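Structure assessment
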Amino acid sequence: MAKEAAGSSGGPQPERSSGPGVAPDNLMVKCPKCKEILYSRDWEKNLKVCSRCNYHFRLTAHERVSLLLDPGSFVELDAAMVSVDPLNFVSRSQSYTEKLQEERAKVGLNEAAIRGYGTIEGLPLSLAVMDFRFIGGSMGSVVGEKVTRAIELGLERRWPVLVVSTSGGARMQEGFYSLLQMAKTVAALARLSEARIPYFSLITDPTTGGVTASFAMLGDVILAEPGALIAFAGPRVIEQFMHVKLPEGTVNSEFVLQHGMIDAVVHRRELRATLARLLRLYKVPEAEREQRSAPAAQSSVEAATLLSRQPSPSRAEVGGGQDGLRS
């Protein structure tokens, strides 16, 4: 359930400091992991990674785009799309509508994801990037729609698709509508897979809940930043439910890599080069791109019907009798 925001601009929004241990306009930043005091200028030059313990601070959606894409190549789409309140949800303190208005003013985004297209080292791709600052990166109808549209753009133009995930899960204020986004995004990815177009998933801290259970873990290649929290249920939820404290490091990117759930853990400074290599490796040939993007593509049912009308080949044409068939 979404609509276009009246008077919203589609351009980039002003950036704000984000993540634990960060204070606006501070000369110093304290690392929440090792407690090291970092100079803000050096910290930003190091891509907001702690120089002592390698802790990766969270990035905003636009910071992530600037990190990964060629300068000036990003074109944002559907920036004015906003959520509605289909359930008339009201918590103890405020309504969902008021919460959305508050988050838009605080974060400078209309929703917890942005989507568009751009290039990495000149290679085009469609992408959607989530932002944890907006209601914990929760997936509502707009987030699901933007991810789906990013996939459909890749399908239309035969571009690889990249989704950068960071989320606390499905948005409870939208109830059933938020859960439907899991099925919608997975169905779009199935169509992308059938068209043999690559899908890359980049998981950042934290990624949990319905996002982990859907598009975040379905990439042809799944990458993650070091130390990112990756789980369906977070450690606190598990401990409250099972009354057992999880061992240290059992829900991070290194743990899921060790158990074969992702393909690689990549340092932030290496992400752009890694994605560029993947784009070159999975590049769709131009001839195939033009052929597949031609109008009036046949469905699988139509193709099967046409095939059934063709004369059956002789056994010799198939491969020279039974020996040919066995080979």
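Placed above this text is the structure.
The structure contained in this document is the topic of the report that follows.

Conventions and cut-offs
Residues numbered from 1 in each chain as written. Predicted model: local features only at pLDDT ≥ 70, side-chain atom pairs only at ≥ 80, totals over all residues. Heavy atoms only, no water. Axes fitted to C-alpha atoms, helices over the stretch in contact; angles between N-to-C directions. Helix = DSSP H or I, 4+ residues; strand = E, 2+ residues; numbered from the N terminus. Parallel < 35°, antiparallel > 145°, perpendicular 65-115°, else oblique. Contact = heavy atoms within 4.5 Å. Nonpolar A, V, L, I, M, F, W, Y, C, P; charged D, E, K, R; others polar. Phe/Tyr/Trp six-rings, centres within 6.5 Å; stacked < 30°, edge-to-face > 60°. Buried < 20%, exposed > 50% of the residue type's maximum accessible area, 1.4 Å probe, protein only. Right-handed = clockwise from strand over helix to strand, strands pointing away. Pairing = 2+ DSSP bridges. Patch = residues over 30% accessible without salt bridge, like charges linked within 9 Å, V, L, I, M, F, W, Y side chains within 5 Å. Areas by Shrake-Rupley, 256 points an atom, 1.4 Å probe, with all protein chains shown as cover. Salt bridge = Lys/Arg side-chain N within 4 Å of Asp/Glu carboxyl O. Expected span 1.5 Å × (residues − 1). Arc of directions from axis to C-beta. Core = buried A, V, L, I, M, F, W, Y, C linked by side-chain atoms within 4.5 Å.

**Observations concerning the packing of helix α4 (residues 141-157) against helix α5 (residues 176-194)**
Running from amino to carboxyl end, α4 crosses α5 at an angle of 5 degrees, the nearest separation of the two axes being 9 Å. In terms of orientation, α4 and α5 fall into the roughly parallel class. Judged by residue contacts, Ser-141, Gly-144, Glu-145, Val-147, Thr-148, Ile-151, Glu-152, Gly-154 and Leu-155 of α4 engage Gln-181, Lys-184, Thr-185, Ala-188, Leu-189, Arg-191 and Leu-192 from α5. Of the residues contributing to the contact of α4 with α5, the split by class is six nonpolar, six polar and four charged.

**Regarding the packing of aromatic side chains**
To describe a pair of aromatic rings, you give the distance between the ring centres and the angle between the ring planes. One pass over the structure, following the stated rule, counts four aromatic pairs. With 5.1 Å between their ring centres and 75 degrees between their planes, Trp-43 and Phe-57 make a pair best called edge-to-face. With Trp-43 in helix α1 (residues 40-45) and Phe-57 in the loop between α1 and α2 (61-68), this pair connects stretches of sequence that are 14 residues apart. Like Trp-43, the residue Phe-57 is buried in the burial classification. Consider the rings of Tyr-117 and Trp-159, whose centres lie 5.6 Å apart with planes at 50 degrees: the pair is tilted. Placement of Tyr-117 in strand β6 (residues 113-120) and of Trp-159 in the loop between α4 and β8 (161-167) is noted, with a sequence separation of 42 residues between them. By relative accessible area, Tyr-117 is classed as partly exposed at 23%. Among the aromatic residues, those joined into a cluster by ring pairs are Trp-43, Tyr-55 and Phe-57.

**As for the pairing of β8**
Within β8, seven of the seven residues are buried, which leaves the element mostly enclosed by the surrounding structure. Covered by surrounding structure in β8 are Val-161, Val-163, Ser-165 and Ser-167 together with Leu-162, Val-164 and Thr-166, the residues of both alternating faces. Handedness of the crossover joining strand β7 (residues 123-130) and β8 through α4 is recorded here as right-handed. Here β8 runs beside strand β9 (residues 199-207); their pairing, made up of six bridges, is parallel. Looking across to β9, one finds that Ser-165 is bridged to Ile-203. With α5 bridging β8 and its parallel neighbour β9, the resulting β-α-β unit is right-handed.

**What to know about a nonpolar patch on the surface**
A contiguous nonpolar surface patch, about 440 Å² in accessible area, is contributed by Leu-27, Met-28, Ile-37 and Tyr-39. As for its placement among the helices and strands, Ile-37 is situated in strand β3 (residues 37-39). The class for Ile-37 is partly exposed, based on a relative accessible area of 46%.

**A word on the pattern of salt bridges**
The tally for this structure, following the rule as stated, stands at 17 salt bridges. For Glu-103, the salt bridge is made with Lys-99, and the minimal N-O distance between the two is 3.3 Å. Within this pair, Glu-103 and its partner Lys-99 are both found in helix α3 (residues 96-107), separated by four residues, close to a single helical turn. Glu-103 sits in the buried class, given a relative accessible area of 1%. Of the residues examined, Lys-99 reaches a relative accessible area of 22% and is grouped as partly exposed. With a closest N to O distance of 2.9 Å, Arg-171 and Glu-111 form a salt bridge. Of this pair, Arg-171 sits in the loop between β8 and α5 while Glu-111 sits in the loop between α3 and β6, and the two are 60 residues apart along the sequence.

**Examining the environment of Leu-246**
Along the polypeptide, Leu-246 turns up in the loop between α7 (235-242) and α8 (253-258). The partly exposed category is assigned to Leu-246, whose relative accessible area is 24%. Taking the C-alpha atoms as reference points, Leu-246 and Arg-236, separated by 10 residues in sequence, lie 9.0 Å from one another. Contact partners of Leu-246, with chain neighbours within four places excluded, come to Pro-235, Ile-238, Glu-239 and Val-251.

**What about α3?**
Over its 12 residues, α3 runs 16 Å from end to end, which matches the ideal 16 Å to within 8%, given 1.5 Å per residue. All of the buried residues in α3 are Tyr-96, Leu-100, Glu-103 and Val-107. Projection of α3 onto a plane perpendicular to its axis shows the buried side chains occupying an angular sector of 65 degrees, all on one side. Residues of α3 that are buried in the fold lie against β5 (81-83). Note on α3: the residue one or two positions beyond its end, Gly-108, has a positive phi of about 85 degrees.

**Concerning the nonpolar core**
Among the nonpolar cores identified, the biggest contains 58 residues, and Leu-68, Leu-162, Ile-203 and Phe-215 are the most heavily contacted of them. Ranked by residue count, the leading element in this core is β7, at six residues. Residue contacts for Leu-68: discarding those within four places in its chain leaves Ile-120, Leu-162, Val-164, Leu-202, Leu-271, Arg-272 and Leu-275. With seven residues, the next largest nonpolar core counts Val-29, Cys-31, Cys-50 and Tyr-55 among its residues.

**Considerations on the sheet that holds β6**
Judged by pairing direction, the sheet is mixed, and its seven strands sit side by side in the order β4-β6-β7-β8-β9-β10-β11 without closing on themselves. Lying at the two open borders of the sheet, with one neighbouring strand each, are β4 (75-77) and β11 (264-265). Sitting on the sheet, α4 is in contact with β4, β6, β7 and β8, with an inclination near 30 degrees to β6.

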